[in-house]
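Chain by chain, the residues:
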Amino acid sequence: MPQILVDHSAGLDFDRAVLAKEVHRVITEVIDTVVADCKTVFRPAERYVVGDGTTGEAVLLVEIKILAGRSAEQRAELSARVLAVLESVLTVPAAIGVEITELDRATYRFVHHR
């Protein structure tokens, strides 16, 4: 179920496969899910600004959408562990953020279209 959306500076050099693999692993260690249910989308941004635009920092923002019902402690642990993964794959200065959002179990639907 987890949906991982990775927005990043277009020129940011990092190993997307490693990032996805490690984030998927961390998610399964913190919440009740399996790697096969994790889906990651990378969305490069050509234009971005950090602060007043003079820092030269890249941007790496991750949103993880999970079904509602996990405790605040689980969500906080997931954020912290994903942040550590992001820091481990970057080799340049970057503004990094992680957000865990919850999807309503009553209204969320997902299928593998054939």
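As the structure is a computational prediction, the values presented were derived from the model and not from experiment.

Remarks on helix H2 (residues 72–89)
And step 1. In this model, H2 (18 residues) spans 26 Å end to end at C-alpha, consistent with the 26 Å of a helix rising 1.5 Å per residue.
And step 2. When H2 is considered as a whole, its buried residues turn out to be Leu 78, Ser 79, Val 82, Val 85, Leu 86 and Val 89. End-on, the buried residues of H2 take up no more than an arc of 125°, which puts them together on one face. Exposed residues pointing more than 90 degrees away from the buried face of H2 are listed as Glu 73, Glu 87 and Ser 88.
And step 3. Summarising the contacts, the buried residues of H2 are in contact with helix H1 (16–30), strand E3 (58–67) and strand E4 (94–103).

Some thoughts on the environment of Ala 84
And step 1. Mapped onto the elements of the fold, Ala 84 is located in helix H2.
And step 2. Given a relative accessible area of 42%, Ala 84 falls into the partly exposed group.
And step 3. Sequence spacing of Ala 84 and Val 23 is 61 residues, and the spatial spacing of their C-alpha atoms is 9.8 Å.

Concerning the packing of aromatic side chains
Aromatic ring pairs are reported here in terms of the distance separating the ring centres and the angle at which the planes meet.
And step 1. If you walk through the whole model with that rule in mind, you get 1 aromatic pair.
And step 2. Residue placement shows Arg 16 over the ring face of Phe 14; its charged tip is 4.1 Å from the ring centre.
And step 3. A cation over an aromatic ring shows up here: Lys 39 above the ring of Phe 110, its NZ or CZ 4.5 Å from the ring centre.

Structural notes on the side chain of Arg 70
And step 1. Within the secondary structure layout, Arg 70 lies in the loop between E3 and H2.
And step 2. Despite its burial, Arg 70 pairs with no opposite charge, the nearest such side chain being Asp 32 at 6.1 Å.
And step 3. Within the structure, the side chain of Arg 70 is placed 2.7 Å from the backbone oxygen of Leu 67, a separation counted as a polar contact.
And step 4. Setting aside residues up to four positions removed in sequence, Arg 70 forms contacts with Ile 31, Asp 32, Arg 75, Glu 102 and Arg 105.

Side note on the sheet that holds strand E2 (residues 39–45)
And step 1. Read from one edge of the open sheet, 4 strands run E2-E1-E3-E4, paired in mixed fashion. Where the open sheet ends on each side, the last strands, each with one partner, are E2 and E4. Strand-to-strand twist in this sheet, taken as the mean axis angle between neighbours without regard to direction, amounts to 15°.
And step 2. Pairing of E3 with E4 involves 10 bridges; the strand directions are parallel. Opposite Val 59, over in E4, you have Ala 95 as the bridge partner.

Conventions and cut-offs
- Residues numbered from 1 in each chain as written.
- Predicted model: local features only at pLDDT ≥ 70, side-chain atom pairs only at ≥ 80, totals over all residues.
- Heavy atoms only, no water.
- Helix = DSSP H or I, 4+ residues; strand = E, 2+ residues; numbered from the N terminus.
- Expected span 1.5 Å × (residues − 1).
- Buried < 20%, exposed > 50% of the residue type's maximum accessible area, 1.4 Å probe, protein only.
- Arc of directions from axis to C-beta.
- Contact = heavy atoms within 4.5 Å.
- Phe/Tyr/Trp six-rings, centres within 6.5 Å; stacked < 30°, edge-to-face > 60°.
- Lys NZ or Arg CZ within 6 Å of the ring centre and 35° of its normal.
- Lys, Arg positive; Asp, Glu negative; His and termini not counted.
- Salt bridge = Lys/Arg side-chain N within 4 Å of Asp/Glu carboxyl O.
- Polar contact = N/O pair within 3.5 Å; in protein donor to acceptor, adjacent residues only side chain to side chain.
- Pairing = 2+ DSSP bridges.
- Axes fitted to C-alpha atoms, helices over the stretch in contact; angles between N-to-C directions.

Read these as geometric descriptors, not functional statements.
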